[in-house]
Amino acid sequence: DTHLGKVIHVTADGAPAPGNPFVGKAGALPEIWSYGHRNEMGLAFAPDGKLWEHENGPRGGDELNLIAAGKNYGWPVITHGVDYPGEQIDNGLTAKDGMEQPRYYWDPVIAASGLAVYSGNLFPAWRGNLLVGALRGTQVARLALSGDKVVNEEPVFYDPKSRVRDVRVGPDGAVYVLTDDGRL
C-alpha cells in the first residue's frame, strides 16, 4: 500500500500503465510493477525491451535483477547480505518460493550507482553488456551476458579516489562516467 521498495510503471500523464499486474486488485496500488526491492539505484532497458535494475543490499548482497511484472524480489525476507551490526536477516534466508533470485549479486558490496546497457558502435564486443557504476568499488564494471545470465565481470574504469555516481552511453558510443566529485 506504499511505493517503498517498488518499481512503478505509469503513463506519461502519471496514470497506472495499461497491463500493470496490480490494476483492480484490492489493497494494491495499480501503478506498482514489481516489489520486494531494498534500495533501487539503477534502471536500464536493453534493446530487447528487458528491464534491468540494480539495488544496494545491506552488508553484502548488492543485486542485479531482471524486472518482470508482478514479481516479488524478496526484500526484506531474503537477501545475500547481513544487517549492518553483522546479524543475519531473517535467519540468513537467501531463497524462498515465490521470490525471485537476483541475476547477479556482489559480496562484498560495490554500492551500485548508475546503470547502462551498452548499445554503441565504439566498443562492438560490449554490445548488450551492462555497465554498472560503483560508489564503494570506485569503478565501472562491465557485466557480459549470455542470454539473461552474467558470465563475466570486468572493471573498465577504476579510480581508487573517485566514487562513480553515474554511467551513460552517448550517441557516439563513448562511455561517460560521472564521479562524486563532479568530474565527467
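Residues numbered from 1 in each chain as written. Predicted model: local features only at pLDDT ≥ 70, side-chain atom pairs only at ≥ 80, totals over all residues. Heavy atoms only, no water.

1. What to know about the overall build of the protein
A tally of helices and strands in the protein yields 0 helices and 12 strands. Taken from the N to the C terminus, the helices and strands of the protein come in the order β-β-β-β-β-β-β-β-β-β-β-β. The globule rule puts the C-alpha radius of gyration for 184 residues at 16 Å, and the 17 Å found for the protein is close to it. When its C-alpha atoms are laid out on the principal axes, the protein stretches across 50 × 45 × 30 Å. Counting all 184 residues of the protein, 43% fall into the buried class. When contacts within the protein are restricted to residue pairs at least 6 apart in sequence, those whose partners lie at least 24 apart make up 47%. Surface exposure of the protein reaches about 9,600 Å², of which carbon and sulfur atoms provide 53%. For the protein, the centre of its 17 positive side-chain charges and the centre of its 23 negative side-chain charges are spaced 3 Å apart. (Helix = DSSP H or I, 4+ residues; strand = E, 2+ residues; numbered from the N terminus. Rg over C-alpha atoms; globule rule 2.2 N^0.38 Å. Buried < 20%, exposed > 50% of the residue type's maximum accessible area, 1.4 Å probe, protein only. Contact = heavy atoms within 4.5 Å. Areas by Shrake-Rupley, 256 points an atom, 1.4 Å probe, with all protein chains shown as cover. Lys, Arg positive; Asp, Glu negative; His and termini not counted. Charge placed at Lys NZ, Arg CZ, Asp CG, Glu CD.)

2. Here's the deal with the packing of aromatic side chains
Aromatic ring pairs are defined here through the distance separating the ring centres and the angle between the ring planes. Under the definition given, this model contains 5 aromatic pairs. Aromatic side chains Phe123 and Trp126 sit 4.4 Å apart centroid to centroid with 20° between the ring planes, which places their arrangement in the stacked category. One aromatic cluster is present, built from ring pairs that chain together Tyr118, Phe123 and Trp126. Looking at Arg38, its charged tip hangs above the ring of Trp75, at a distance of 5.2 Å from the centre. (Phe/Tyr/Trp six-rings, centres within 6.5 Å; stacked < 30°, edge-to-face > 60°. Lys NZ or Arg CZ within 6 Å of the ring centre and 35° of its normal.)

3. A short note on the pattern of salt bridges
A pair can form between side chains of opposite charge whenever their charged atoms are brought close. Under the definition given, this model contains 9 salt bridges. As a salt-bridge pair, Arg165 and Asp180 come within 2.8 Å of each other at their nearest N and O atoms. Linking Arg165 in strand S11 (residues 164–169) with Asp180 in the segment after strand S12 (175–179), this pair joins segments that are 15 residues apart in sequence. Residues joined by salt bridges that share partners form a network here, namely Asp48, Lys50 and Asp148. (Salt bridge = Lys/Arg side-chain N within 4 Å of Asp/Glu carboxyl O.)

4. A few points about the nonpolar core
Proteins that are soluble and globular tend to have nonpolar side chains buried together. Ranked by internal contacts, the top residues of the largest apolar core, which has 15 residues, are Trp52, Leu64, Leu130, Val132 and Leu143. Where this core is concerned, the elements lending two or more residues are strand S5 (62–67), strand S7 (112–117) and strand S8 (130–134). Counting 7 residues, the second largest nonpolar core, distinct from the first, contains Tyr118, Trp126, Leu131 and Val164. (Core = buried A, V, L, I, M, F, W, Y, C linked by side-chain atoms within 4.5 Å.)

5. Brief notes about the sheet that holds strand S4 (residues 51–55)
One open sheet accounts for 4 strands, arranged S3-S4-S5-S6; its pairing is antiparallel. Here the strands that pair on one side only, and so sit at the sheet edges, are strand S3 (40–45) and strand S6 (104–106). Shown here is a sheet whose adjacent strand axes are inclined to one another by a mean of 20°, direction ignored. The pairing of S5 with S6 spans 3 bridges and is antiparallel. Pairing of Asp62 across the sheet is with Trp106, part of S6. (Pairing = 2+ DSSP bridges. Axes fitted to C-alpha atoms, helices over the stretch in contact; angles between N-to-C directions.)

6. Thoughts on the pairing of S8
Taken residue by residue, a regular strand's side chains alternate between the two faces of the sheet. Burial of S8 is extensive: 5 of the 5 residues sit out of reach of the surface. Note that S8 and strand S9 (residues 139–146) share 5 bridges and pair antiparallel. Looking at the pairing, Val132 lines up with Ala141 of S9. Where S8 folds back on S9, the antiparallel hairpin that results is connected by 4 residues, among which Thr138 adopts a positive phi of roughly 45°.

7. Some remarks on the environment of Phe22
Along the chain, the position of Phe22 falls in the loop between strand S1 (6–8) and strand S2 (32–35). Under the relative-accessibility criterion, Phe22 is labelled buried at 14%. Through-space distance from the C-alpha of Phe22 to that of Trp52 is 20 Å; in sequence the pair is 30 residues apart. Excluding residues that lie within four positions of it along the chain, Phe22 makes contacts with Ala28, Leu29, Pro30, Ile32, Trp33, Tyr35 and Gly70.

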